[in-house]
Amino acid sequence: MRKRPPFSAENYLEIGKVGKAHGTGGEFLIHTFAGRPESFENYSELILVRDDGEPSIPLKVLSVRPRKKNCVVRLDRIDSRRQAEQYVGFGVFVAREELAPVAEDEFYYDELVGINVVTEDGIELGPVKSIFSNGAQDILVIDNGEGELYIPFVDQLIVSRQDDRIVIAPPEGLLEINR
């Protein structure tokens, strides 16, 4: 898990992860967390962060090409494949002021961190610790005090989401398989 960078979570949001280098001119693939690669066209600068939390300087976005649910990006100061390869695995952060406003029924995933998750039967599972994608779907990581529970964040399981809790309807065996 990536260590939190030294800048405020109130001001920056992690929006993706650097994948493999692309071509010879310093471009690389970014795996977008929101699955909206076209949104990268609206960002003027990105900060790349190593697993130890060490950030790059803000890097100007020079070009963006959506590619399925991801995008190919070229940033200022990264001019070769060799340089691009040095950033593989880095987190991609953007200033919140550059984020598009969300509709009333939408939200950014980081807003879920800390919210309690309960079953529709009233069983308290614990707060959301983090969210990640397994490639097929997003997964809520819940800290239940004894370890972590992994719950798919899919419409079929989510009964409701309020500001202070998420209610889920887990299928039989889902909670037990996590233990």
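Here, the structure is the one placed above.
Residues numbered from 1 in each chain as written. Predicted model: local features only at pLDDT ≥ 70, side-chain atom pairs only at ≥ 80, totals over all residues. Heavy atoms only, no water.

A. Spotlight on the pattern of salt bridges. Throughout the structure, instances matching the rule amount to six salt bridges. We note a salt bridge from Arg74 to Asp79, for which the minimum N-O separation is 3.3 Å. Exposure remark for Asp79: the relative accessible area of 48% places this residue in the partly exposed category. Salt-bridge contacts for Lys129 lead to Glu148; the nearest nitrogen and oxygen are separated by 2.6 Å. Of the two residues, Lys129 is situated in strand β8 (residues 124-133) and Glu148 in strand β10 (residues 148-152); the sequence distance between them amounts to 19 residues. Using a relative accessible area of 28% as the deciding quantity, one classes Glu148 as partly exposed. (Salt bridge = Lys/Arg side-chain N within 4 Å of Asp/Glu carboxyl O. Buried < 20%, exposed > 50% of the residue type's maximum accessible area, 1.4 Å probe, protein only. Helix = DSSP H or I, 4+ residues; strand = E, 2+ residues; numbered from the N terminus.)

B. Structural context of the pairing of strand β1 (residues 12-22). Relative to strand β6 (residues 91-95), β1 runs antiparallel, the two sharing five bridges. In the sheet register, Tyr12 faces β6, and the bridge partner there is Ala95. In the sheet, β1 pairs with strand β2 (residues 27-32) via five bridges, with the strands oriented antiparallel. The residue bridging Lys17 from the neighbouring strand is His31, located in β2. (Pairing = 2+ DSSP bridges.)

C. Region of interest: the sheet that holds strand β9 (residues 138-143). Strand order in this open sheet of six strands is β10-β9-β8-β7-β12-β11, and the pairing throughout is mixed. For this open sheet the edge positions go to β10 and β11 (158-161), each flanked by a neighbour on one side alone. If you compare each strand with its neighbour and ignore which way they point, the axes differ by 35 degrees on average. Across five bridges, the pairing between β9 and β10 is antiparallel. Bridging from a neighbouring strand, Leu140 pairs with Ile151 of β10. (Axes fitted to C-alpha atoms, helices over the stretch in contact; angles between N-to-C directions.)

D. Layout of the environment of Val167. Within the secondary structure, Val167 sits in strand β12 (residues 165-168). Considering only alpha carbons, one finds Val167 and Tyr109, 58 residues apart in sequence, at a separation of 16 Å. Ignoring sequence-local partners within four residues, the contact set of Val167 consists of Val118, Thr119, Glu120, Leu157, Ile158, Val159 and Ser160. (Contact = heavy atoms within 4.5 Å.)

E. Layout of the side chain of Asn70. The residue Asn70 is located in strand β5 (residues 70-75) in this model. Residues in contact with Asn70, not counting those within four places in the same chain, are Leu29, Ile30, His31, Thr32 and Pro37.

F. Inspection of the packing of aromatic side chains at higher detail. Under the definition given, this model contains two aromatic pairs. With centroids separated by 5.3 Å and ring planes inclined at 65 degrees, the aromatic side chains of Phe40 and Tyr43 adopt a geometry described as edge-to-face. On the accessibility criterion, Tyr43 (9% relative accessible area) is buried. Measuring from ring centre to ring centre gives 5.2 Å for Tyr87 and Phe90, while their planes differ by 75 degrees; the resulting arrangement is edge-to-face. By the burial criterion, Tyr87 is buried, and Phe90 matches it. (Phe/Tyr/Trp six-rings, centres within 6.5 Å; stacked < 30°, edge-to-face > 60°.)

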